[in-house]
Amino acid sequence: MNTTDGNRDDDIDDLLTLHEVAELLRVPDATLRYWRHQHTGPDSYKIGRHVRYPRSEVQRWLRNQRSNRSSDVA
């Protein structure tokens, strides 16, 4: 189903909280906060005072981590 601006409804990601992403990655919340501060973790943005992570960005970041690791080994 399409929206009025031409984007598909499924283009709207699930938004994850910092805690949900930390649990998914199995790292402490503080580590994810540090990565965010260093701009090394998954892309995120603020909605008001709340940080949210689009699920697709977390998945993209994980794929990049895997491919970066592979290139480091070679």
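Before any of the text, the structure's been laid out above.
Before going into details, it helps to say that this report is about the structure given with it. Given the structure is predicted, the values throughout are model-derived calculations rather than measurements.

1. Quick word on the overall build of the protein chain
(1) Moving on: Check the secondary structure of the protein chain and you find 3 helices and 3 strands.
(2) Moving on: Mapped from its N terminus to its C terminus, the protein chain presents α and β elements in the order β-α-α-β-β-α.
(3) Moving on: Among the 74 residues that make up the protein chain, the fraction classed as buried is 19%.
(4) Moving on: Of all intrachain contacts in the protein chain linking residues separated by at least 6 positions in sequence, the fraction that spans at least 24 positions is 40%.
(5) Moving on: When the accessible surface of the protein chain is split by element, carbon and sulfur atoms take 48% of a total near 5900 Å².

2. Some remarks on the pairing of strand S3 (residues 50-54)
(1) Moving on: Bridge count for strand S1 (residues 15-17) against S3 is 3 bridges, and the pairing is antiparallel. Each bridged residue has a counterpart across the sheet, and for Thr-17 the counterpart in S3 is Arg-52.
(2) Moving on: Strand direction decides the pairing type here: strand S2 (residues 45-47) and S3, joined by 3 bridges, are antiparallel. Looking across to S3, one finds that Tyr-45 is bridged to Arg-52.
(3) Moving on: The turn linking S2 back onto S3 is made up of 2 residues, and Gly-48 within it adopts a positive phi angle of 65°.

3. Some details on the packing of helix H1 (residues 18-25) against helix H2 (residues 29-38)
(1) Moving on: It is the contact of H1 with H2, at a shortest axis distance of 9 Å, that shows an interaxial angle of 105°. Taken as axis vectors, H1 and H2 run roughly perpendicular relative to one another. Residues Leu-18, His-19, Val-21, Ala-22 and Leu-25 of H1 form the contact with H2, whose own contacting residues are Asp-29, Leu-32, Arg-33 and Trp-35.
(2) Moving on: The residue makeup of the contact of H1 with H2, split by class, is 6 nonpolar, 1 polar and 2 charged.

4. Topic: the packing of aromatic side chains
Aromatic rings considered in pairs are described by the distance between their centres and by the relative angle of their planes.
(1) Moving on: Taken as a whole, this structure holds 1 aromatic pair when the rule is applied.
(2) Moving on: On the numbers, 5.4 Å between centres and 40° between planes, the contact of Trp-35 with Trp-61 is tilted. Of this pair, Trp-35 sits in helix H2 while Trp-61 sits in helix H3 (residues 55-73), placing them 26 residues apart in sequence.
(3) Moving on: Classification of Trp-35 as partly exposed rests on a relative accessible area of 23%.
(4) Moving on: Residue classification places Trp-61 among the buried positions, given a relative accessible area of 10%.

Definitions and cut-offs
- Residues numbered from 1 in each chain as written.
- Predicted model: local features only at pLDDT ≥ 70, side-chain atom pairs only at ≥ 80, totals over all residues.
- Heavy atoms only, no water.
- Helix = DSSP H or I, 4+ residues; strand = E, 2+ residues; numbered from the N terminus.
- Buried < 20%, exposed > 50% of the residue type's maximum accessible area, 1.4 Å probe, protein only.
- Contact = heavy atoms within 4.5 Å.
- Areas by Shrake-Rupley, 256 points an atom, 1.4 Å probe, with all protein chains shown as cover.
- Pairing = 2+ DSSP bridges.
- Axes fitted to C-alpha atoms, helices over the stretch in contact; angles between N-to-C directions.
- Parallel < 35°, antiparallel > 145°, perpendicular 65-115°, else oblique.
- Nonpolar A, V, L, I, M, F, W, Y, C, P; charged D, E, K, R; others polar.
- Phe/Tyr/Trp six-rings, centres within 6.5 Å; stacked < 30°, edge-to-face > 60°.

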